[in-house]
Amino acid sequence: MIDAYVSPYSPLPRTVHAPRGLFVDRWGTLLAPPPAGFARDPGEVEFYPGAREALRAARRAGWLVYLLGNEEAVARGEVAEADWERVEAAIRDGLSQAGVEVQRLYACLDHPAGVPGRTSDSVYLLPNTGAFYHAFHNDGTELRRSWAIGDSTLELVAGWRAGCKIAAVETGLALSDRTFHIEPEIQAATLADVLARLLAVEAPIYRRVG
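Residues numbered from 1 in each chain as written. Predicted model: local features only at pLDDT ≥ 70, side-chain atom pairs only at ≥ 80, totals over all residues. Heavy atoms only, no water.

Let us now look at the overall build of the chain. When you go through the chain residue by residue, the secondary structure sums to 6 helices and 6 strands. Along the chain, helices and strands appear, N-terminal first, in the series β-α-β-α-α-β-α-β-α-β-β-α. Looking at the chain as a whole, 47% of its 210 residues are labelled buried. Partitioning the contacts of the chain with sequence separation of at least 6, the portion at a separation of at least 24 is 66%. Carbon and sulfur atoms make up 51% of the accessible area of the chain, which amounts to about 10600 Å² in all. (Helix = DSSP H or I, 4+ residues; strand = E, 2+ residues; numbered from the N terminus. Buried < 20%, exposed > 50% of the residue type's maximum accessible area, 1.4 Å probe, protein only. Contact = heavy atoms within 4.5 Å. Areas by Shrake-Rupley, 256 points an atom, 1.4 Å probe, with all protein chains shown as cover.)

Here it is in structure tokens:
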């Protein structure tokens, strides 16, 4: 396999494309949902087969990888924030061990119906678009060339509202929530299948590193 070309020279101004991103939902898309519907322990972190390898290939092709999702169990007080932090660390470490660099992790721990101190209607609470615009403002991520990938309509309609393309997986909820009407541009069995289709049709971006 040939890795992306790395130039020893700095690019000329205005000759490098703005980065594009993959905004990937956690539970039901990247990770198998735990039996209780939420995770308290790092041992409950289970990646879907092929998901990490597919993300590594996408990262090498120049995509920035973002994780996003609502963690309503924390907002409701069913999961302690310290436990969630251990779970999130396990997700991050599992990806890192597979060679996947995550640009940013977005997890909303608030909800208007949450316990005291967790009742904010955060801009990061899907289907709000805070995660996408944060990536745009802080990383320069070009949203119209980016993709939101998920198993529910919440993250997909958020991506659509932010101007991203949207792709659905048939794992997790497989869009059975029907909270919003959406028409994904790609629908495939798994995250690995979605990314295989993206990499087949989207030209790689060769980026200087270091």
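Okay, back to it.
Applying the stated criterion to the full structure yields 4 aromatic pairs. Centroid distance Tyr-106 to Tyr-124: 5.9 Å. Interplanar angle 15°. Geometry classified as stacked. Placement of Tyr-106 in the loop between β3 (104-105) and α4 (130-139) and of Tyr-124 in the loop between β3 and α4 is noted, with a sequence separation of 18 residues between them. Take Tyr-106: its relative accessible area is 8%, and that puts it in the buried class. Members of the aromatic cluster, connected to one another through ring pairs, are Phe-23, Tyr-66, Tyr-106, Tyr-124 and Phe-132. It is Arg-20 that lies over the ring of Trp-63; its NZ or CZ is 4.0 Å from the centre. (Phe/Tyr/Trp six-rings, centres within 6.5 Å; stacked < 30°, edge-to-face > 60°. Lys NZ or Arg CZ within 6 Å of the ring centre and 35° of its normal.)

When you line up the elements, Arg-118 lands in the loop between β3 and α4. What makes Arg-118 buried here is its relative accessible area of 18%. Within polar-contact distance, the side chain of Arg-118 engages the side chain of Glu-81 at 2.5 Å. At a separation of 3.1 Å, a polar atom in the side chain of Arg-118 contacts the side chain of Asp-110. Apart from the residues lying within four places of it in its own chain, the contact partners of Arg-118 are Ala-75, Glu-81, Leu-109, Asp-110 and His-111. (Polar contact = N/O pair within 3.5 Å; in protein donor to acceptor, adjacent residues only side chain to side chain.)

Before going further, it helps to spend a moment on the pattern of salt bridges. Taken as a whole and judged by the stated rule, the model has 10 salt bridges. Note that Arg-59 is salt-bridged to Glu-101, the shortest N-O span being 3.2 Å. Placement of Arg-59 in helix α1 (residues 51-60) and of Glu-101 in the loop between α3 (81-97) and β3 is noted, with a sequence separation of 42 residues between them. The exposure class assigned to Arg-59 is buried, which follows from its relative accessible area of 15%. For Glu-101, a relative accessible area of 46% puts it in the partly exposed group. The partner of Arg-144 in a salt bridge is Glu-142, and the shortest N-O contact between them spans 2.9 Å. The exposure class of Arg-144 is exposed, given its relative accessible area of 60%. (Salt bridge = Lys/Arg side-chain N within 4 Å of Asp/Glu carboxyl O.)

Chain-level statistics for the chain give a pLDDT mean of 90 and a share of 89% at 70 or above. Below a pLDDT of 50 lies the segment residues 1-15, which in the model reaches 13 contacts outside its immediate sequence neighbourhood of four places, other chains included. (pLDDT = per-residue confidence, 0-100.)

As a packed pair, α1 and helix α6 (residues 191-201) sit with axes 8 Å apart at the nearest point and diverge in direction by 20°. Considering their axes alone, α1 and α6 lie roughly parallel with respect to each other. Classified by chirality, the crossing of α6 by α1 is left-handed. When α1 is examined against α6, the residues Ala-51, Ala-54, Leu-55, Ala-57 and Ala-58 are found in contact with a partner set consisting of Leu-191, Ala-192, Leu-195 and Leu-199. For the contact of α1 with α6, the per-class residue count stands at 9 nonpolar, no polar and no charged. (Axes fitted to C-alpha atoms, helices over the stretch in contact; angles between N-to-C directions. Parallel < 35°, antiparallel > 145°, perpendicular 65-115°, else oblique. Left-handed = near helix turned anticlockwise from the far one by under 90°. Nonpolar A, V, L, I, M, F, W, Y, C, P; charged D, E, K, R; others polar.)

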